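Chain residues, written in single-letter form:
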Amino acid sequence: MTSSTEKPLKLTFIASPRPAAQAACDTLTARYGQADLAEADMIVALGGDGTMLEALHKSMKRGLPVFGMNFGSVGFLMNDFAEDDLQTRLRAAEPAQIHPLKARGERIDGHSFEALAINEVSLLREKRHTAKIRISVDGRVRLEELAADGVMVATPAGSTAYNASAHGPILPLSSSVLALTPISAFRPRRWRGALIGNDSKVRFDVIDAELRPVSAVADSREFREVAWVEVETDKDHTLTMLFDPGRPLGERILIEQFQT
């Protein structure tokens, strides 16, 4: 229970469309109240990892911490659900701070775009043609032509998601690196990706972009028919996720590396 000398935290609850998450949201808001996002001290996300990403994007403007409770299929970024003593639980939670990625680029029609991503920025072929992409790091071409279904840059926090499914490395949360991972590479067949410093800038230039159209995806935001994309860590934004004591995000990522 919250101490009588402590003001209750003002909470904004965000829930996925799943019936169980919606029902839990109704129960928790009735019990703890629902604060407007502009006045909240914290966001509580009810759902899966996608709901956590949605909540983190909503938190960026004010830098609010986010505590997630799992109602999804994986819930790697979430805590277990419990209705009781939520205020006490939130005050005892351990923070994990991360920086998102910033992607900026241009479509083949000349329109520019910019977006932030917490997990990864990926380039994906749009049609039957294999994507062909030139990869540069800090202004130097490192791979003249990658022929693949796509390629991504993943953060340590996002390295257990799409990146791991594409056989990319799982990165410790405290590491100062990003994963540069191909998606179903055809040529060069032996290239399995690279680890790059989190202060690096990666540039992807799409080769034959009109014949071989490629989309850029920053978390859930998609930009079609891109000509080029640059990706770097956005250190102007610091995001905070909260976890129950004893199972912080760094420990979860470490455990994931030993799964068989």
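See the structure shown above.
Heads up: these notes are all about the structure in this document. Not measured: the values here are computed from a predicted model.

1. Description of the sheet that holds strand 2 (residues 42–47)
Strand pairing in a sheet relies on backbone hydrogen bonds, with the paired strands running either antiparallel or parallel. Across the sheet, which stays open at both edges, the five strands sit in the order 1-2-3-16-4 with mixed pairing between neighbours. A strand with exactly one partner marks an edge of an open sheet, and here the two such strands are strand 1 (11–15) and strand 4 (94–98). Along the sheet, successive strands turn relative to each other by an average axial angle of 30°, direction set aside. As defined by bridge partners, strand 4 adjoins strand 16 (residues 239–243) across five bridges and the pair is classed as antiparallel. Looking at strand 16, one finds that Pro 95 is bridged to Leu 242.

2. Some details on unusual backbone geometry
Here the residue pair Arg 187 and Pro 188 is connected by a cis peptide bond, since its omega of -5° sits within 30 degrees of zero. Among the secondary structure elements, Pro 188 is positioned in the loop between strand 10 (177–187) and strand 11 (194–197). In this structure, Asp 138 takes a positive phi of about 55° despite not being glycine. Examined against the element boundaries, Asp 138 turns out to sit in the loop between strand 8 (131–137) and strand 9 (140–154). Positioned with a positive phi, His 167 is a non-glycine residue whose angle comes to about 70°.

3. Considerations on the environment of Arg 224
Within the secondary structure layout, Arg 224 lies in the loop between strand 14 (221–223) and strand 15 (226–233). Considered as a pair, Arg 224 and Ala 15 are 209 residues apart in the sequence and their alpha carbons are 29 Å apart. Arg 224 has contacts with Arg 107, Glu 126, Val 214 and Ser 215, leaving out every residue within four places of it along the chain.

4. Details of the nonpolar core
General note: in soluble globular proteins, nonpolar side chains tend to be found buried as a group. Within the largest apolar cluster, 30 residues are counted, with the highest numbers of intra-cluster contacts made by Leu 123, Ile 135 and Phe 204. Considering each element in turn, this core owes the most residues, five residues, to strand 9. Membership of the second largest hydrophobic core comes to 26 residues, among which are Ala 45, Leu 53, Leu 77 and Ile 98.

5. Concerning the pairing of strand 10
Along a regular strand, successive side chains alternate from one face of the sheet to the other. Across seven bridges, the pairing between strand 9 and strand 10 is antiparallel. Counted as the bridge partner of Ala 154 is Ala 179 from strand 10. Pairing of strand 10 with strand 11, which is carried by four bridges, proceeds in the antiparallel orientation. Within strand 11, the position partnered with Leu 178 by the bridge is Ile 196.

6. Notes on the pattern of salt bridges
Scanning all chains against the criterion turns up 13 salt bridges. Two residues, Lys 132 and Glu 145, come together in a salt bridge whose shortest N-O distance is 3.8 Å. In this pair, Lys 132 is assigned in strand 8 and Glu 145 in strand 9, connecting sequence segments 13 residues apart. With a relative accessible area of 34%, Glu 145 lands in the partly exposed category.

7. So, helix 2 (residues 49–59)
When we look at burial in helix 2, the residues that qualify are Asp 49, Thr 51, Met 52, Leu 53, Ala 55, Leu 56 and Ser 59. Looking at the buried residues of helix 2, the elements they touch are strand 1, strand 2, strand 3 (66–70) and strand 16.

8. Re the environment of Lys 10
The residue Lys 10 is located in the segment before strand 1 in this model. Looking at Lys 10, the relative accessible area reads 42%, which means it is partly exposed. Separated by 27 residues in the primary sequence, Lys 10 and Leu 37 place their C-alpha atoms 9.2 Å from one another. Ignoring sequence-local partners within four residues, the contact set of Lys 10 consists of Ala 35, Glu 39, Ala 40, Asp 41 and Met 42.

9. Re the environment of Gly 246
Here Gly 246 shows up in the loop between strand 16 and helix 5 (249–256). Classification of Gly 246 by relative accessible area gives exposed; the value is 52%. Between the C-alpha atoms of Gly 246 and Ala 93, which are 153 residues apart in sequence, the distance is 9.4 Å.

10. Let's talk about the pairing of strand 13 (residues 214–218)
Among the five residues in strand 13, five count as buried, and that is most of the element. A two-sided burial pattern is seen for strand 13, the buried positions comprising Val 214, Ala 216 and Ala 218 on one face and Ser 215 and Val 217 on the other. Here five bridges tie strand 7 (residues 120–125) to strand 13, and the two strands are oriented antiparallel to one another. Following the sheet pairing, Leu 123 is matched in strand 13 by Ala 216. Between strand 13 and the antiparallel strand that follows it, strand 14, lie two residues; Asp 219 among them carries a positive phi value of about 55°.

The rules we used
- Residues numbered from 1 in each chain as written.
- Predicted model: local features only at pLDDT ≥ 70, side-chain atom pairs only at ≥ 80, totals over all residues.
- Heavy atoms only, no water.
- Pairing = 2+ DSSP bridges.
- Helix = DSSP H or I, 4+ residues; strand = E, 2+ residues; numbered from the N terminus.
- Axes fitted to C-alpha atoms, helices over the stretch in contact; angles between N-to-C directions.
- Contact = heavy atoms within 4.5 Å.
- Core = buried A, V, L, I, M, F, W, Y, C linked by side-chain atoms within 4.5 Å.
- Buried < 20%, exposed > 50% of the residue type's maximum accessible area, 1.4 Å probe, protein only.
- Salt bridge = Lys/Arg side-chain N within 4 Å of Asp/Glu carboxyl O.

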